[in-house]
Amino acid sequence: MASRYDDLDASLELEQQLAAELKAAFEPRGCEVVHHGSNAGSRHSPGGKPDIEIIDRQNRHLVLVEVTKRKGSAADGEFAAVTDHLERKIKEREFDSYGLLYVSPRTSARMSMNFRDLYNRRNERDGRLGRVLAVDFEAIQLMIDKLMTSDAALYPSVRLKQLFEQWDKAVDDARARLLIQSTIFPEDNELADALEEESREFDALRERELKKQLEHVENKFRSHGITGNNANISLVYLAFLRLFEERSQRQTGKPNRFTADGFREWSASVAKTTQRQFENRLVELLLHEIAEEDELKAADLLQRRSNEQFLHNKLSDDLVETLILPVFDNYDFHAGRVDILGAVFETLARRGDKDTRVGQFFTPQQVVDFCAEIVQIRSTDRVLDPAVGTGRFLISAMDAMLDDSDRSSRDRSKIEESIRRDQLIGTDIDEWVATIAKMNMFIHGDGKSGVVSANGLTLGHHPVLPNSTSGINSSVDVVLTNPPLGDTDYLVAESEWERLASVFTAGHWDADSLVVKAETFYNWLGVVPLETLEETQLAKLYEKRDDVQEKIRRALQDTGSAQSTISRLNSRLDAINAEIAELRTKIAQDTVTRRPRGRMLKGGALFIGAIAQYLKAERLPGEKVEWAGGQAAIVVDEAVLNTPEYAHVRDFIRTHFFVKGVVSLSRDAFKYLAHTDAKTSILFLSKKPDMSLSQREPIFYAHAERVGYNAVGKWIGNDLPLVRDFYRYFCSAIEKSYRGKYIDERTALSAAQSVPGHSTAFIARSPEGHRSDRLDFYHARFNQRREELLAKHGKLISFGDVLEIASVKHPPASRTGEYDFAVATRTGTVAYKGRASVAYSPRSLWVVENGDLILSSIDLVHGAIAVAGQDVAGLVMSKEMYPYRVRPGVEAVPEYVQILLRTKAAQEMLYGFATGTSNRTRLESAEKLLEFPLPPLPALSEQIVRAQQLQEAYAQQRRALETIEALGQEAQEVWGPPVDIYSDVDDNSLPVVEAF
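This one's a predicted model, so the numbers in the text were calculated from it and none came from an experiment. (Residues numbered from 1 in each chain as written. Predicted model: local features only at pLDDT ≥ 70, side-chain atom pairs only at ≥ 80, totals over all residues. Heavy atoms only, no water.)

Moving on, we come to the sheet that holds strand S1 (residues 32-35). The strand order across the open sheet built from five strands is S1-S2-S3-S4-S5, with neighbouring strands paired in mixed fashion. Both edges of this open sheet fall to S1 and strand S5 (131-136), since each of them pairs with a single strand only. Strand-to-strand twist in this sheet, taken as the mean axis angle between neighbours without regard to direction, amounts to 20°. Bridging between strand S4 (residues 97-104) and S5 involves six bridges; their strand directions are parallel. From the neighbouring strand, Ser104 faces S5, where its bridge partner is Asp136. Lying on the sheet, helix H1 (residues 10-26) is in contact with S1, strand S2 (52-56) and strand S3 (61-67); it crosses S1 at an angle near 170°. In the packing of helix H5 (residues 158-165) onto the sheet, contacts are made with S2, S3, S4 and S5, and the angle to S3 comes to roughly 70°. (Pairing = 2+ DSSP bridges. Helix = DSSP H or I, 4+ residues; strand = E, 2+ residues; numbered from the N terminus. Axes fitted to C-alpha atoms, helices over the stretch in contact; angles between N-to-C directions. Contact = heavy atoms within 4.5 Å.)

For the rest of this paragraph, the subject is the domain arrangement of the chain. Interface size is commonly expressed as the accessible surface area that is lost when the partners come together. The assigned domain composition of the chain is domain 1 (13-187), domain 2 (225-356), domain 3 (531-596), domain 4 (635-793) and domain 5 (799-950). A C-alpha centroid distance of 70 Å is found between domain 2 and domain 3. (Domains from an automatic or database assignment.)

The next subject is a positive patch on the surface. A surface patch of like charges, here positive, comprises Lys540, Lys544, Arg568 and Arg572. Among the structural elements, Arg572 can be located in helix H23 (residues 563-589). The partly exposed category is assigned to Arg572, whose relative accessible area is 42%. (Patch = residues over 30% accessible without salt bridge, like charges linked within 9 Å, V, L, I, M, F, W, Y side chains within 5 Å. Areas by Shrake-Rupley, 256 points an atom, 1.4 Å probe, with all protein chains shown as cover. Salt bridge = Lys/Arg side-chain N within 4 Å of Asp/Glu carboxyl O. Lys, Arg positive; Asp, Glu negative; His and termini not counted. Charge placed at Lys NZ, Arg CZ, Asp CG, Glu CD. Buried < 20%, exposed > 50% of the residue type's maximum accessible area, 1.4 Å probe, protein only.)

A word on the sheet that holds strand S6 (residues 383-385). Across the sheet, which stays open at both edges, the nine strands sit in the order S8-S7-S6-S9-S14-S16-S15-S17-S20 with mixed pairing between neighbours. Looking at strand neighbours, the two that pair on one side only are strand S8 (450-453) and strand S20 (763-765), the edges of this open sheet. Neighbour to neighbour, the strand axes of the sheet diverge by 20° on average, direction disregarded. With three bridges connecting them, strand S17 (residues 699-704) and S20 associate as antiparallel partners. Opposite Ile699, over in S20, you have Arg765 as the bridge partner.

Let us look at unusual backbone geometry. Of note, the phi angle at Glu279 is positive, near 45°, even though the residue is not glycine. Among the structural elements, Glu279 can be located in the loop between helix H10 (272-278) and helix H11 (282-291). Unlike most non-glycine residues, Asp300 shows phi in positive territory, near 55°. Inspection of the secondary structure puts Asp300 in the loop between helix H12 (294-298) and helix H13 (317-328). Among the residues examined, Asp300 registers a relative accessible area of 51% and is labelled exposed.

Attention now goes to the pattern of salt bridges. One pass over the full model with this rule turns up 70 salt bridges. The salt bridge involving Arg70 is made with Glu78; its shortest N-O contact spans 3.4 Å. The class for Arg70 is partly exposed, based on a relative accessible area of 45%. For Glu78, a relative accessible area of 17% translates into the label buried. Taking the shortest distance from any N to any O, the salt bridge between Lys551 and Asp547 comes out at 3.5 Å. With Lys551 and Asp547 both in helix H22 (residues 533-557) and four residues apart, this pair spans about one turn of that helix. By sharing partners, the salt bridges in this structure join Arg110, Asp261, Arg264 and Glu321 into a single network.

A few words now on H1. The end-to-end C-alpha distance of H1, which contains 17 residues, comes to 23 Å, matching closely the 24 Å that a straight helix rising 1.5 Å per residue would cover. Of the residues making up H1, those classed as buried are Leu14, Glu15, Gln16, Leu18, Ala19, Glu21, Leu22, Ala25 and Phe26. Residues of H1 that are buried sit in contact with S1, S2, S3, helix H4 (137-148) and H5. (Expected span 1.5 Å × (residues − 1).)

Axis separation between helix H7 (residues 189-223) and H13 bottoms out at 10 Å; the angle between their running directions is 170°. One way to sum up the angle between H7 and H13 is to call them roughly antiparallel. Residues Leu210, Gln213, Val217, Lys220 and Phe221 of H7 pack against Leu323, Ile324 and Val327 of H13. The class makeup of the residues in the contact of H7 with H13 is six nonpolar, one polar and one charged. (Parallel < 35°, antiparallel > 145°, perpendicular 65-115°, else oblique. Nonpolar A, V, L, I, M, F, W, Y, C, P; charged D, E, K, R; others polar.)

Of note, Arg131 is situated in strand S5. We note that Arg131 is buried and unpaired, the nearest opposite charge coming from Glu124 at a distance of 4.8 Å. Ignoring any residue separated from it by four or fewer positions in sequence, one finds Arg131 in contact with Leu86, Tyr98, Gly99, Leu100, Tyr119, Asn120, Asn123, Glu124, Phe164 and Trp167.

For a regular strand, side-chain orientation follows a simple rule: the groups alternate between the two sheet faces. With seven bridges joining them, strand S23 (residues 818-824) and strand S24 (residues 830-837) adopt antiparallel strand pairing. Opposite Tyr819, over in S24, you have Ala836 as the bridge partner. From the end of S23 to the start of S24, which pair antiparallel, there are five residues, and Gly828 there has a positive phi angle of about 90°.

A word on the nonpolar core. Grouped together as the largest cluster of nonpolar side chains are 78 residues, with contacts concentrated most on Leu683, Phe799 and Phe932. Here the element with the most residues in this core is helix H24 (residues 603-614); it accounts for eight residues. The contacts of Phe799, once residues within four sequence positions are left out, are Leu853, Tyr884, Val897, Leu901, Leu929, Leu930, Phe932 and Leu934. (Core = buried A, V, L, I, M, F, W, Y, C linked by side-chain atoms within 4.5 Å.)

Another point: the packing of helix H9 (residues 260-269) against H13. Packed helices, taken two at a time, are described by the angle between their axes plus the distance between the axes. Between H9 and H13, the least distance of the axes is 10 Å, while the angle of their chain directions is 165°. Compared by their axis directions, H9 and H13 come out roughly antiparallel. The interaxial crossing formed by H9 with H13 has right-handed handedness. Counted together, Ala260, Phe263 and Arg264 of H9 and Asp317, Glu321 and Leu325 of H13 form the full contact between these two elements. Among the residues forming the contact of H9 with H13, the class breakdown is three nonpolar, no polar and three charged. (Left-handed = near helix turned anticlockwise from the far one by under 90°.)

The next point concerns the confidence of the model for the chain. Of the residues in the chain, 93% have a pLDDT of 70 or more, and the chain-wide mean is 89. Taken as a whole, residues 353-360 scores under 50 in pLDDT and shows 20 contacts with residues more than four places along the chain or in a different chain. Overall, residues 507-516 carries pLDDT values under 50, and its contacts beyond four positions in sequence, including any with other chains, amount to five contacts. (pLDDT = per-residue confidence, 0-100.)

Tracing the chain through its elements places Thr591 in the loop between H23 and strand S12 (594-596). Accessibility expressed as a relative area gives 44% for Thr591, which makes it partly exposed.

To continue, consider the pairing of S1. The side-chain alternation of S1 yields one buried face, formed by Val33 and His35, and one unburied face, formed by Glu32 and Val34. For S1 and S2, the ladder comprises four bridges, and the chain directions are antiparallel. If you follow Val33 over to S2, its bridge partner there is Ile54.

Mapped onto the elements of the fold, Asp411 is located in the loop between helix H17 (392-405) and helix H18 (412-422). Take Asp411: its relative accessible area is 41%, and that puts it in the partly exposed class. Distance in space between the C-alpha atoms of Asp411 and Asp7 is 55 Å, their sequence separation being 404 residues.

Turning our eyes to something else, we now look at the packing of aromatic side chains. Counted according to the given criterion, the structure contains 37 aromatic pairs. Here the aromatic rings of Phe777 and Tyr778 are separated by 5.5 Å at their centres, their planes lie at 65°, and the arrangement is edge-to-face. By the ring-pair criterion, three or more aromatic residues cluster together here, those being Trp627, Phe684, Phe700, Phe726, Tyr727, Tyr729, Phe730 and Phe762. For the cation-ring pair, Lys146 lies above Phe185, with the distance from its terminal atom to the ring centre recorded as 5.8 Å. Taking the ring centre of Tyr738 as reference, the NZ or CZ of Lys624 above it sits at 5.1 Å. (Phe/Tyr/Trp six-rings, centres within 6.5 Å; stacked < 30°, edge-to-face > 60°. Lys NZ or Arg CZ within 6 Å of the ring centre and 35° of its normal.)

As structure tokens, this is what we get:
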């Protein structure tokens with residue numbers, strides 16, 4: 001946003017206007033404002049003096065104001081001068097507290113870090129006076145305008161003093177504005193919401209800028225011959241080096257050696273002999289130096305032999321200073337909201353186009369924080385992310401646990417040490433990704449990270465994790481994770497499980513036992529569909545027996561058949577019967593071999609199976625049974641919740657867990673960050689101590705349409721905090737329904753559905769039904785709307801009561817495979833699509849007839865349903881289109897049914913009828929829609945009137961489009977007819993052009 005200070009002359013106007021406005025804002029509040037420059041507009045303040053002073057004698061507080069028009073890094077050189085002004089005033093000892101507002105068009109990241117880490121934090125450590133806040137023009141204008149237009153008693157001057165007491169929150173210009181609001185104007189909730197939204201947009205912009213800059217760096221790397229995996233690793237190491245130095249500056253006050261100035265000064269301090277030894281690669285030396293830090297050794301980060309290089313051999317100091325540091329110096333990564341390690345890895349993975357699991361690595365922070373909040377993590381919990389990615393879930397969990405430790409009566413330092421050392425564990429199958437997660441955890445304060453490279457599906461039986469002597473079965477309190485959204489090969493996990501078993505048991509199993517081991521793994525995992533080898537063999541033997549018996553029957557009927565042939569066939573039949581008997585015995589005694597059917601399942605489905613084994617059966621002793629077990633918040637591909645192929649997984653979920661909540665996420669939730677439009681949901685589960693227990697509490701369902709950034713990276717808001725709040729209201733209502741530890745299912749459901757916001761902001765549904773029933777938000781909403789519709793009308797009809805699937809004619813076979821196609825559009829018409837060649841058999845196609853009600857199985861949820869007119873009769877439809885006709889004897893008009901199904905209410909319900917996870921959500925079959933509920937139809941005469949109105953509306957629309965097209969053609973004539981330069985040219989008449 002533009003500020004009124006932007007266009008003021010720095011020497012003649014800026015200080016003068018700011019001083020006058022500060023007088024108007026603070027003098028009514030008992031302060032004195034002094035400008036040390038000329039108020040006549042001739043010059044700014046002289047050297048050695050601050051620009052402006054705000055003297056608050058009542059609260060014994062002095063604030064200096066230094067203002068500049070220099071932007072970003074151009075202003076960095078003023079650090080020493082402005083802090084010197086403050087130090088001089090502090091030496092006078094006239095006040096109890098001192099602050100300095102540094103005002104510029106935009107605060108550079110370096111200036112912000114220096115004020116916080118090299119000045120404020122040093123003074124805080126040493127018990128010295130003086131704090132500096134950097135704010136931009138927008139922030140100072142916000143503060144002044146609100147103070148000047150408000151009653152002095154509403155916002156007293158003491159709040160300016162309190163502003164400097166929370167200096168560490170002002171990590172960038174957006175957070176400085178938020179700090180001003182929360183400290184000086186805390187009563188203004190509307191301003192708080194607006195500034196919070198601005199801060200999100202600020203973060204989105206910064207992240208987009210960083211990714212573009214990193215892509216530019218990567219391009220430059222390529223031009224200098226810095227390519228391959230070593231180049232990618234080099235950039236990650238450089239990012240970690242920057243983070244480490246920022247962290248060190250914050251903790252110790254020592255200047256950051258990996259800024260443009262800092263690296264230059266440090267390099268100059270290195271001995272000449274060492275400089276010659278490293279030959280323009282001192283950055284390599286700096287990495288080796290920090291690798292010797294005790295805390296990095298303890299975390300097993302950057303540990304390698306002294307003669308091994310971290311960086312690509314062509315990456316010189318000159319490139320670091322010209323390409324890397326100018327980018328890094330624009331950001332404060334350690335304190336800010338930009339995930340540099342994640343951004344680097346994402347950029348490289350995306351540019352390399354190699355990693356299909358990118359959606360797992362880059363879970364939106366809004367989703368991460370929501371999951372950590374919904375499970376109510378405690379400081380005593382052991383938290384696991386078995387698909388850790390860059391570590392965001394564990395970092396959010398650690399923050400929540402440390403916050404909870406503040407409320408503990410135990411020794412806080414010991415609690416924090418335990419959290420960081422023992423209670424956060426994570427694995428990733430990709431070794432380099434696991435390393436990045438360890439780096440992230442280290443930077444965020446987990447110095448002895450429990451992150452290792454391992455397959456997250458194989459942690460149960462064997463001591464994979466650091467300092468462990470066994471697997472983690474039944475030992476985890478909370479799981480937070482976003483497993484791979486696509487299909488995952490579980491044979492890879494099986495192979496790793498077998499390898500671990502052989503390593504940790506030092507076993508020498510023979511080949512015959514391998515199948516038994518695999519079956520043990522799959523039985524433990526519980527979600528992989530298995531087939532019995534003996535039953536498959538038995539089915540084949542039955543077919544063989546039938547074939548032999550048929551041959552015997554024919555031989556007996558053929559008087560010419562030799563007896564030897566019949567004897568040979570009978571012997572063969574006896575052998576088959578013996579094999580059948582042997583297999584039946586094995587099956588009866590359950591001494592069979594089971595093996596997986598196929599090799600792929602959604603990652604979320606597989607990890608749910610493992611999580612059921614990892615979680616404790618009792619996390620909270622003495623708690624109500626549905627809340628006592630270990631808890632999990634897991635992001636899953638929605639196919640797991642709504643498609644027939646995953647019915648067995650939903651059965652597993654309901655058997656092993658109490659389902660506490662299902663939160664649907666929009667299709668764009670992962671689009672910007674992970675470049676996938678997979679439809680996902682968050683599952684919130686509590687492990688059952690006994691699988692025979694039935695769930696009595698209702699299930700919470702909600703949908704979050706806005707989850708941070710849209711598909712192009714623009715901040716659009718976040719619905720998840722509101723979902724969280726409604727979930728808490730829901731839980732409170734459930735809690736009040738208990739009588740001791742007993743809860744009546746109907747009473748609980750009624751209480752939940754009485755919470756304001758039910759049916760609009762969230763839906764509460766009974767857990768009744770078959771265990772394999774759909775478990776997604778849309779299905780819950782469908783059932784809720786159907787009940788509401790029934791309550792409104794008293795009775796309902798079904799789509800199948802009114803219409804039936806139309807019998808169709810198939811087109812004759814086309815010699816070229818080409819047909820003229822029609823399609824039901826989202827605008828509610830059946831239109832000509834064009835001529836196309838298809839590989840389908842004509843039996844998979846059908847011919848449109850006038851009056852058919854036609855819908856798209858893929859796009860019905862978007863309104864793609866219409867009645868075919870004479871203009872499309874005879875065109876061909878694909879198998880994705882379903883045709884219906886009014887049932888004989890039923891008084892219904894198809895156009896009226898079209899109107900009903902194109903309403904928003906119907907489309908909401910249709911989402912609960914469709915299945916799938918991509919943009920091709922579809923109806924399972926034409927028969928499925930026959931079950932769809934409809935309100936009672938009005939009288940036939942009223943339907944006819946509405947149908948005629950619809951037909952006339954579409955006719956007017958067609959006429960309007962035809963008029964627009966005619967006008968365009970007429971206007972084209974003004975320019976002259978278009979000429980196709982090749983239309984009248986014979987190819988043979990074109991001249992031959994000699995090569996040159």
